[in-house]
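Tertiary structure, described
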Amino acid sequence: MAALRSLALASPISHCWHPQSRSPSLSGIVTWAVHGSAQSPFNGQSVHMPRMRLSPVTRNSKVSGPITMAVKPTIQFIQGTDELTVPDVKLTKSRDGSNGMAIFSFSEPSVFDSSGEIGDITGFYMIDEEGTLQSVDVSAKFVNGRPSRIEAKYIMRSPREWDRFMRFMERYANQNGLQFVKK
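The name that an unreviewed UniProt entry assigns to the protein is Photosystem II reaction center Psb28 protein, with the source organism given as Citrus x changshan-huyou. Checking UniProt for the protein, the heading Subcellular location (unreviewed entry) contains the comment "Plastid, Chloroplast thylakoid membrane". UniProt, in the comment section headed Subunit (unreviewed entry), describes the protein in these words: "Part of the photosystem II complex."

Below you can see the structure in the form of structure tokens.
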């Protein structure tokens, strides 16, 4: 948070909102100002824009608003093709919490059924509403010349990456009926 504050103060662009002004004509004015600085050759002028006033909703009026789309948490080996097999997941974390690893083990994954028609395995993709986590550390195990298991490793190198991964896993576990078992 401290880094964000110092970045905002160092930026040549600042944003101010004046929710209550003494002058009724300036009430709710949003101000964007570009200031010159020693580090930047750019100079600019302030721009003032009045706040939008929304009309009250009446009985017969149509209300439109933002549409929120929930993304189902999923795992893919081929982008665009969801893996239907639910994996066993093993987690390890360093004592100081600075890094960790997740090992996903898929027994008889569905990707082998469609990889010949759709394409090759390009990586390990964990997709949810926040975005995509990915790894290229994917290995396949074969028994009697037939694919039987895929193992994928996802390495987290910071507490922030660990937290992001755990948010994905919580969503994925809720979607697929997984539960955490501590050894």
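Here's the deal with the packing of aromatic side chains
Throughout the structure, instances matching the rule amount to 8 aromatic pairs. When the centroid spacing of 5.0 Å and the interplanar angle of 80° are considered together, the rings of Phe 77 and Phe 106 count as edge-to-face. Taken together, the residues span a long stretch of sequence, with Phe 77 in strand β4 (residues 74–78) and Phe 106 in strand β7 (residues 100–107) at a distance of 29 residues. Taken as a pair, Phe 77 and Phe 106 share a single burial class, namely buried. Seen from their ring centres, Tyr 154 and Phe 165 are 5.7 Å apart, and the 25° between their planes marks the pair as stacked. Of this pair, Tyr 154 sits in strand β11 (residues 146–156) while Phe 165 sits in helix α3 (residues 159–176), and the two are 11 residues apart along the sequence. One aromatic cluster in this structure is built from Phe 77, Phe 104, Phe 106, Phe 124, Tyr 154 and Phe 165.

Description of the sheet that holds β11
Taken together, 4 strands build an open sheet; the order of strands is β6-β7-β11-β10 and the sheet is antiparallel. For this open sheet the edge positions go to β6 (88–93) and β10 (138–143), each flanked by a neighbour on one side alone. On average, each strand axis in the sheet is tilted by 15° relative to the strand beside it, whichever way the strands run. Taken together, the 8 bridges between β7 and β11 define a ladder with antiparallel strand orientation. If you follow Ser 105 over to β11, its bridge partner there is Glu 151. The sheet strands contacting α3 are β6, β7 and β11, and the helix crosses β6 at an angle near 155°.

Rules and cut-offs
- Residues numbered from 1 in each chain as written.
- Predicted model: local features only at pLDDT ≥ 70, side-chain atom pairs only at ≥ 80, totals over all residues.
- Heavy atoms only, no water.
- UniProt positions renumbered as here; feature names shortened; annotations may be inferred.
- Phe/Tyr/Trp six-rings, centres within 6.5 Å; stacked < 30°, edge-to-face > 60°.
- Helix = DSSP H or I, 4+ residues; strand = E, 2+ residues; numbered from the N terminus.
- Buried < 20%, exposed > 50% of the residue type's maximum accessible area, 1.4 Å probe, protein only.
- Pairing = 2+ DSSP bridges.
- Axes fitted to C-alpha atoms, helices over the stretch in contact; angles between N-to-C directions.
- Contact = heavy atoms within 4.5 Å.

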